[in-house]
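One-letter residues, chain by chain:
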Amino acid sequence: MTLLIAGLVLFIASHLLRPFAPGLRNAAIAALGKPGWMAVHGILSLLSLALIAYGFVDARENGGAMLYSPPTFMAHIALTLMLIASICLVAGFLPAGYIRTKLKFPILVAIKIWALAHLLANGESYSVLLFVTILAWAVILRISLKKRIAAGETRLPVFVSAKYDLIAVIVGLAIYAVIVLKLHELVIGVAPLPVSIG
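A. The overall build of the protein, seen in detail. On a plain count of helices and strands, the protein comes out with 8 helices and 0 strands. Each helix and strand of the protein, placed in order from N terminus to C terminus, yields the pattern α-α-α-α-α-α-α-α. Its C-alpha atoms put the protein at 50 × 45 × 25 Å along the principal axes. For the protein, with 198 residues in total, the buried portion stands at 36%. Taking as baseline every contact in the protein between residues at least 6 positions apart, the subset at least 24 positions apart corresponds to 75%.

Encoded structure:
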């Protein structure tokens, strides 16, 4: 699982600079300029995601310790949670409706639900490592954002219209259907239906 671990370390390190090493981030921005820093950060993000994806597939193909064996019904719960996550994810990219206003950071909510859903349906060591790490990162980032709000560095979304909730539901359902019926198997190599999520 070396590649998977390396990818996760790079992902966490590059995505938690603001709360844990703001001086280092500011120094990089001063040296490279904001566009240069964003380009470097983007490259590091893509590299980390590539390492995570390749490392996960490699770990799965080479086997891994089974930490627990989820019962079959957990896969159905996970599928339901992923539907909710899909809607939350879309809501996070739209002007604020009730969903975004109530959840405050729906993209982070979607990530946490995604991680939890996969932990419910997968007990392999590499799966647990991946999803626990991402879940922990999302929780830490949410705490950091709460502090930034209190400090006035960022603001909560302001309600615009309920129509964006409807759009979030419709588009979220469409994305969910594509992922469950085809994309998950195409990208990950595992079909979510009928009994498992990879």
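After presenting the structure, the write-up continues.
B. Expanded view of the side chain of Ser-127. Within the secondary structure layout, Ser-127 lies in helix H7 (residues 125-150). Reaching out from Ser-127, the side chain makes a polar contact with the side chain of Glu-124 at a distance of 2.8 Å. Apart from residues no more than four positions distant in its own chain, Ser-127 is found in contact with Phe-56 and Asn-122.

C. Region of the structure containing helix H1 (residues 2-15). Taking 1.5 Å per residue, 14 residues should reach 20 Å; H1 reaches 20 Å between its end C-alpha atoms and fits that length. When we look at burial in H1, the residues that qualify are Leu-4, Gly-7, Leu-8, Phe-11 and Ser-14. All buried residues of H1 fall inside an arc of 145° around its axis, so they share one side. H1 presents Thr-2 and Val-9 as exposed residues on the side facing more than 90 degrees away from its buried surface. The elements touched by buried residues of H1 are helix H2 (17-20), helix H3 (22-61) and H7.

D. Representation of the packing of helix H4 (residues 72-91) against helix H6 (residues 106-121) in the model. Where H4 meets H6, the closest approach of the two axes is 8 Å, and the angle between their N-to-C directions is 165°. When the axes of H4 and H6 are compared, the pair comes out roughly antiparallel. Like other packed secondary-structure pairs, H4 and H6 cross with a definite hand, here left-handed. Residues Met-74, Ala-75, Ile-77, Ala-78, Leu-81, Met-82, Ile-84, Ala-85, Cys-88, Leu-89 and Ala-91 of H4 lie in contact with H6, whose contacting residues are Pro-106, Ile-107, Val-109, Ala-110, Ile-113, Trp-114, Ala-117, His-118, Leu-120 and Ala-121. In terms of residue class, the contact of H4 with H6 is made up of 20 nonpolar, 1 polar and no charged.

E. Fine view of the nonpolar core. Ranked by size, the top nonpolar core spans 21 residues in total, and within it Leu-4, Leu-108, Leu-130, Ile-134 and Trp-137 carry the most contacts. Looking at this core, the elements that each hand over two or more residues are H1, H3, H6 and H7. With residues near it in sequence (within four places) discarded, Trp-137 still touches Phe-11, Ile-12, His-15, Leu-16 and Ile-111. Grouped together as the second largest cluster of nonpolar side chains are 12 residues, Ala-78, Leu-79, Ala-110 and Ala-117 included.

Conventions adopted
Residues numbered from 1 in each chain as written. Predicted model: local features only at pLDDT ≥ 70, side-chain atom pairs only at ≥ 80, totals over all residues. Heavy atoms only, no water. Helix = DSSP H or I, 4+ residues; strand = E, 2+ residues; numbered from the N terminus. Buried < 20%, exposed > 50% of the residue type's maximum accessible area, 1.4 Å probe, protein only. Contact = heavy atoms within 4.5 Å. Polar contact = N/O pair within 3.5 Å; in protein donor to acceptor, adjacent residues only side chain to side chain. Expected span 1.5 Å × (residues − 1). Arc of directions from axis to C-beta. Axes fitted to C-alpha atoms, helices over the stretch in contact; angles between N-to-C directions. Parallel < 35°, antiparallel > 145°, perpendicular 65-115°, else oblique. Left-handed = near helix turned anticlockwise from the far one by under 90°. Nonpolar A, V, L, I, M, F, W, Y, C, P; charged D, E, K, R; others polar. Core = buried A, V, L, I, M, F, W, Y, C linked by side-chain atoms within 4.5 Å.

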